Every structure is written in structure tokens, then in C-alpha cells.
Amino acid sequence: MWDIIFMDGIADTFHSQYQSQPLDLLSDSFYSSRQQAITERLQEIRSSSLETLQSWLERSWEAHYNTRCWGLNWDRFRGVQHVQSLAICLGGELLAAIFDRISQGIRHTTSGVPDLMVWSTDTRKYKIVEVKGPGDKLSFKQMLWIDYLLRAGADVEVCHVKPVGAKRILSGAEKSSK
């Protein structure tokens, strides 16, 4: 997808080689300017073998590792094998579904994404998790993402965390009264 995000030939999207994103990334025209290329690539991802996905990831990692790109944190992964293991667990269908949602409106879909993805390379199982603490509720955008992922066939769960044996934090009023 890197080559599509940074696609040449789209007017007024690049003014400097040091940009970390095309200027239209957060606009409504991002998808429409690249729609055919995005649609074709998503179909390739859906129909690709796991070995092909791994190969694409390796080539992209080698070509772009540590290149500044808006929304990408290279430090989240220990290396290309770490990314490949996640791709193997998720599979092409789910990866394509996630890319499709984001590419059609990155400005509107970057918030609400679940907090965690946990996976086991040995079992090829994964879980996408939204974590909620005491008194915390799902936002509307979180509900939209969870619904979308479930409809795409993802294993998604909301994890409600309860404090156990923790000291109660005093409010400012309680502190001043002591």
C-alpha cells in the first residue's frame, strides 16, 4: 500500500521529498484520487497466499524501514518477522478489510481503533481487544470499529478491567479535608 499512499501523478500532493504524508491524505479526495489502485491492491491482498503477503511485507520493510510516515510507528514491531507473524494470523481477507476502511476515510477512522492486537504465531490465532477501565464506556467510534471488525470476521473482544487490591485515589477535596 506504500506505493499507493505515496503515488506519483496526483496533483498538489507533494511539494517536498521530506513530507511524511501526501497533502491530500486527510481529505476526501485521497480515496477518490487512488480508488482504482486501492481496489486492485485490496483484491490482490485478499487473494494472496500467506507466503506472498510475507514477501510483500519483507520488500516494503526493507525499502521503507524508518522512513517517516504519518500514522506509522516503526518501534511497535521488533522486525519484519514480527509484522509477518501478525499478517499470517490475520490473513489477507481481514487485512484488506482493515485497509479498505482506513483508505476510504483515514481522517474519520483513525480514532476508535481497538487498543490491542494479541496473537500467537504457533496457533495462528489472534484477538483484537478494546480495554475499558472502571466507569469507562465505549465511544461511538469504538462501537463502529468493533462492529466493522466483527462483520469482517475478526475475533474482537471488549475487556473490562476491574481494580483488585488497589488503593483508592483520593480526590482533591478529600485530600484537603485530611
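Residues numbered from 1 in each chain as written. Predicted model: local features only at pLDDT ≥ 70, side-chain atom pairs only at ≥ 80, totals over all residues. Heavy atoms only, no water.

Caption draft 1: Layout of the pattern of salt bridges. The tally for this structure, following the rule as stated, stands at nine salt bridges. In this structure, the salt-bridge partner of Lys127 is Glu157, at a minimum N-O distance of 3.2 Å. Placement of Lys127 in strand E2 (residues 125–132) and of Glu157 in strand E3 (residues 156–160) is noted, with a sequence separation of 30 residues between them. Among the residues examined, Glu157 registers a relative accessible area of 39% and is labelled partly exposed. The residue Arg151 makes a salt bridge to Asp147 at a minimum N-O spacing of 2.9 Å. Residue Arg151 and its partner Asp147 are located together in helix H6 (residues 140–151), separated by four residues, close to a single helical turn. With a relative accessible area of 60%, Arg151 lands in the exposed category. Ionic contacts of the salt-bridge type, sharing partners, join the residues Asp3, Arg41 and Glu44 into one network. (Salt bridge = Lys/Arg side-chain N within 4 Å of Asp/Glu carboxyl O. Helix = DSSP H or I, 4+ residues; strand = E, 2+ residues; numbered from the N terminus. Buried < 20%, exposed > 50% of the residue type's maximum accessible area, 1.4 Å probe, protein only.)

So, to be careful, I would describe these as geometric facts and stop short of saying anything about function.
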